[in-house]
Amino acid sequence: IGTLALGIAAATSIFSLIDAVLLKPLPFADPGRLVSLHERRGARGGPLSGHEVIAWQERNRVFDGLGAYVYSQFTLTSGGDPAVVRARLVSANYFDVLGTPARLGRTFTSGEDRGGANQVVVLSERLWRQRFGADPATVGRTVVLDNISHRIVGVMHGSGDLDPDVWVPMDLPAEGRRLGRHTVLA
């Protein structure tokens, strides 16, 4: 009985993983048209630098849009006890490229990914429910991330375990001067 239970549990776990990764459609408007771009350097490939992202965006004649993101984290010090939240710094058109509208409020607008204009944030549905009690009036309020006030402009659908807790517009020109690596979606 123990061996049978273990076998059923293993099969169920494997099917759940395959279902989540391969069988369920991606939560985007047209997932078949999305690609992730990387640059090949010798035998290895990898994400692009901020400078390369800017160059690709300026020379793009093939894709409907190019959005960039990089993983980060912030300390959230409002709406409860301080907590480290997973973040994704994104270009202003990131959600447009993915074709994902906000569940509540809006996503980023053109220009919000430029220095001084990027004190806005989009929350994951998970964080919105856990930290803000799913209050629709959360949109428009201010949260503090790493001691900088950000205005909440939207809440995104879904927000599975792999999704970040917050999305913040990156200052793409400033990122272009850094050596970090970014993933580009087209």
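Procedures and definitions
- Residues numbered from 1 in each chain as written.
- Predicted model: local features only at pLDDT ≥ 70, side-chain atom pairs only at ≥ 80, totals over all residues.
- Heavy atoms only, no water.
- Salt bridge = Lys/Arg side-chain N within 4 Å of Asp/Glu carboxyl O.
- Helix = DSSP H or I, 4+ residues; strand = E, 2+ residues; numbered from the N terminus.
- Core = buried A, V, L, I, M, F, W, Y, C linked by side-chain atoms within 4.5 Å.
- Buried < 20%, exposed > 50% of the residue type's maximum accessible area, 1.4 Å probe, protein only.
- Contact = heavy atoms within 4.5 Å.
- Phe/Tyr/Trp six-rings, centres within 6.5 Å; stacked < 30°, edge-to-face > 60°.
- pLDDT = per-residue confidence, 0-100.
- Pairing = 2+ DSSP bridges.
- Polar contact = N/O pair within 3.5 Å; in protein donor to acceptor, adjacent residues only side chain to side chain.

## Description of the pattern of salt bridges
- Per the counting criterion, the structure on display carries six salt bridges.
- Close ionic contact of R126 with D165 constitutes a salt bridge, the shortest N to O distance being 2.8 Å. In this pair, R126 sits in helix α4 (residues 125–132) while D165 sits in the loop between β10 (148–156) and β11 (166–169), placing the two residues 39 residues apart along the sequence.
- Its salt-bridge partner being R141, residue D135 comes within 2.8 Å of it at the nearest N-O pair.

## Describing unusual backbone geometry
- A positive phi angle is found at D146, which is not glycine, with a value near 50°.
- Of note, the phi angle at N147 is positive, near 65°, even though the residue is not glycine.

## Observations regarding the nonpolar core
- The biggest cluster of nonpolar side chains holds 22 residues, and the ones touching the most others in it are F74, V121, L123, L145 and V166.
- Put simply, the parts of the chain that give this core at least two residues each are β5 (67–76), β6 (83–90), β8 (120–124), α4, β9 (142–145), β10 and β11.
- Considering each element in turn, this core owes the most residues, four residues, to β5.
- The contact partners of F74, leaving out residues within four places of it in the chain, are A83, V84, V85, A87, L89, L145, D146, V166 and V168.
- Residues Y69, V90, A92 and V153 belong to the second largest nonpolar core, which totals 13 residues.

## Focus: the packing of aromatic side chains
- Inspection of every chain in the model, using the stated rule, returns five aromatic pairs.
- Pairing F95 with W167 gives two aromatic rings, centres 5.6 Å apart and planes at 70°, and the pair type is edge-to-face. In this pair, F95 sits in helix α3 (residues 94–98) while W167 sits in strand β11, placing the two residues 72 residues apart along the sequence.
- By relative accessible area, W167 is classed as buried at 5%.

## Thoughts on α4
- Summarising burial for α4: six of the eight residues are buried, a large majority.
- By the burial criterion, the buried members of α4 are E125, R126, L127, W128, R131 and F132.
- One or two steps after α4, the chain reaches G133, where phi turns positive at roughly 60°.

## Observations concerning the environment of P164
- With respect to the helices and strands, the residue P164 is situated in the loop between β10 and β11.
- Apart from the residues lying within four places of it in its own chain, the contact partners of P164 are R86, A87, R88, S124 and R126.

## Here's the deal with the confidence of the model for the protein
- Averaged over the protein, the pLDDT score is 80; the fraction of residues at 70 or greater is 74%.
- Across the protein, the element-wise mean pLDDT spans from 53 in strand β12 (residues 181–185) up to 94 in β8.

## Some thoughts on the pairing of β10
- Sheet topology places strand β7 (residues 102–105) next to β10; three bridges connect them, and they run antiparallel. Each bridged residue has a counterpart across the sheet, and for A102 the counterpart in β10 is M156.
- With five bridges joining them, β8 and β10 adopt parallel strand pairing. By the bridge assignment for β10, L123 is matched with V155.
- Note that β9 and β10 share four bridges and pair antiparallel. Paired with L145 across the bridge in β10 is I148.
- Two successive antiparallel strands, β9 and β10, enclose a turn made up of two residues, where D146 displays a positive phi of approximately 50°.

## Considering the side chain of E112
- Checked against the element boundaries, E112 lands in the loop between β7 and β8.
- Within polar-contact distance, the side chain of E112 engages the side chain of R106 at 2.8 Å.
- Side-chain polar atoms of E112 contact the backbone nitrogen of T109, separated by 2.9 Å.

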